[in-house]
Amino acid sequence: MTDTTQPPACLHCRNGFFDNQRFGQDVECVNGVLIDIDEAHEGASDVIRPVAPCHPMWAQQQRDPDGDWPNDSIERLEAWRSL
């Protein structure tokens, strides 16, 4: 039986798990945002998170991690929490 209460895991981001030491050891893709799943469930936050490989701004983040590019991680996490 398929769990329809949660969105499907991101297949591009290794089925939800992202093993890149730059972003930490316990990081998962949650709606295109790299975050610890426990932190994702904690509730609203104003912390901007790194984007995942499936996010349209991934390449820009790789080229210029501290640059001024559109990061919608806060909005994406809010949308995920509202599901």
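Scroll up to find the structure.
As the structure is a prediction and not an experimental result, all values here were calculated from the model. (Residues numbered from 1 in each chain as written. Predicted model: local features only at pLDDT ≥ 70, side-chain atom pairs only at ≥ 80, totals over all residues. Heavy atoms only, no water.)

### A few points about the pattern of salt bridges
Under the defined criterion, the tally for this structure stands at two salt bridges. Arg76 is the partner of Asp72 in a salt bridge, and the nearest nitrogen-oxygen pair spans 3.1 Å. (Salt bridge = Lys/Arg side-chain N within 4 Å of Asp/Glu carboxyl O.)

### Here we look at the nonpolar core
Membership of the largest hydrophobic core is limited to nine residues, which are Phe23, Val27, Cys29, Leu34, Val51, Ala52, Met57, Trp58 and Trp69. Excluding anything up to four places from it in sequence, Val51 contacts Gly32, Val33, Leu34, Met57, Trp58, Gln61, Trp69 and Asn71. Core analysis: the next-biggest nonpolar cluster, separate from the first, contains six residues, Val33, Ile35, Ala40 and Trp80 among them. (Core = buried A, V, L, I, M, F, W, Y, C linked by side-chain atoms within 4.5 Å. Buried < 20%, exposed > 50% of the residue type's maximum accessible area, 1.4 Å probe, protein only. Contact = heavy atoms within 4.5 Å.)

### Structural notes on the environment of Cys29
Positionally, Cys29 belongs in strand S1 (residues 28-30). Placed 25 residues apart in sequence, Cys29 and Cys54 show a C-alpha to C-alpha distance of 8.6 Å. (Helix = DSSP H or I, 4+ residues; strand = E, 2+ residues; numbered from the N terminus.)

### Looking at the environment of Glu75
Considering the arrangement of structural elements, one finds Glu75 in helix H3 (residues 73-81). Residues Glu75 and Asn31, 44 residues apart in the sequence, show an inter-C-alpha distance of 9.9 Å.

### Concerning the environment of Asp46
For Asp46, the location among the structural elements is in the loop between helix H1 (37-41) and helix H2 (58-63). Each C-alpha atom, one on Asp46 and one on Ser73, is 9.5 Å from the other, the two residues being 27 residues apart in sequence.

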